[in-house]
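# Examination of the molecular architecture
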Amino acid sequence: MQDQVSQVASTNEVCPRCGNPLGEITTTKSGKQMQRCSTGSWNPETKKVEGCPFVKWLETPPQQLDEKCPKCGSPLLLVTTRFDKRLKRCSTNKWDPETRTSSGCDFVEWLKGTSENLDEDCPTCGNKLILYTAASGKKLKKCSTNKWDPATREASGCPYVQWIN
Ligand SMILES: [Zn+2]
Ligand SMILES: [Zn+2]
Ligand SMILES: [Zn+2]
């Protein structure tokens, strides 16, 4: 048995702005991980960062799912991108940054939002509302007459939207 001195120091990284060590890794409400400069802190009262404003966002590690790839039968991974999009991809798929090509199984499924009809009337026009859950987990209520036209990139119908939480 070795006598290990394991002070689990979070990381030994220093802030590129001020040279002080970075603080502990924290997880935000949306499930993303970030590391703030140890000399900076968030003041919820003033809604401002006090001290050094440096923040490092960490890539969310892929999560192994209890689902099998429909193409090859290997386990699927749930990946969260930096832009808050989620996708499932095959665990055998590997990206090679040197050749800029991927190898392995190429199965990818982007997760899309879901919508649900509500028994609530729109306060603007009186039509029914829809509860929309985005792939990132954010929820909003919107008017059922509101439609997004991907061709013209314009929304039509009643513009009522209410974000939840
Ligand atoms: Zn700093
Ligand atoms: Zn596969
Ligand atoms: Zn409406």
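Residues numbered from 1 in each chain as written. Chains lettered and ligands numbered in written order. Predicted model: local features only at pLDDT ≥ 70, side-chain atom pairs only at ≥ 80, totals over all residues.

Below, the discussion takes up the overall build of the protein chain. Within the protein chain, the secondary structure is distributed over 0 helices and 17 strands. Its C-alpha atoms give the protein chain a radius of gyration of 22 Å, more than 25% over the compact-globule value 15 Å for 165 residues. In terms of principal-axis extent, the alpha carbons of the protein chain reach across some 70 × 50 × 35 Å. Evaluated residue by residue, the protein chain yields a buried proportion of 9% over its 165 residues. For the protein chain, the share of sequence-separated contacts (at least 6 apart) that also reach a separation of at least 24 residues comes to 21%. (Helix = DSSP H or I, 4+ residues; strand = E, 2+ residues; numbered from the N terminus. Rg over C-alpha atoms; globule rule 2.2 N^0.38 Å. Buried ≥ 20, exposed ≤ 12 C-beta atoms within 10 Å, placed from the backbone. Contact = placed C-beta atoms within 7 Å.)

Time to look at the sheet that holds strand β8 (residues 86-90). Taken together, 4 strands build an open sheet; the order of strands is β6-β7-β8-β11 and the sheet is antiparallel. This sheet does not close on itself; its edge strands, each paired only once, are β6 (63-68) and β11 (108-110). Adjacent strand axes in the sheet meet at a mean angle of 30°, parallel and antiparallel pairs treated alike. Looking at chain direction, β6 and strand β7 (residues 75-80) are connected through 3 bridges and run antiparallel. Note on β7: the bridge partner recorded for Lys 68 is Pro 75. (Pairing = 2+ DSSP bridges. Axes fitted to C-alpha atoms, helices over the stretch in contact; angles between N-to-C directions.)

A sheet is described by the order of its strands in space; here 4 strands give the open sequence β12-β13-β14-β17, paired in antiparallel fashion. Both edges of this open sheet fall to β12 (114-121) and β17 (161-164), since each of them pairs with a single strand only. Each neighbouring strand pair of the sheet contributes to a mean axis angle of 25°, computed without reference to strand direction. Alignment of β12 against strand β13 (residues 128-133), held across 5 bridges, turns out to be antiparallel. What sits directly across from Glu 116, in β13, is Leu 131.

Moving on to the domain arrangement of the protein chain. Taken domain by domain, the protein chain consists of domain 1 (22-58), domain 2 (63-110) and domain 3 (114-164). One C-alpha centre belongs to domain 1, the other to domain 2; they are set 30 Å apart. (Domains from an automatic or database assignment.)

Let us look at the environment of Trp 163. Within the secondary structure, Trp 163 is located in strand β17. Trp 163 sits 146 residues away from Arg 17 along the chain, and the two C-alpha atoms are 35 Å apart.

With that settled, consider the pairing of strand β1 (residues 22-27). Within a regular strand, side chains alternate between the sheet's two faces. Summarising the sheet, β1 and strand β2 (residues 33-37) pair through 4 bridges and their orientation is antiparallel. In the strand pairing of β2, Ile 25 is matched with Gln 35. In this structure, the hairpin formed by β1 and β2 is closed by a connection of 5 residues, where Gly 31 is found at a positive phi of approximately 90°.

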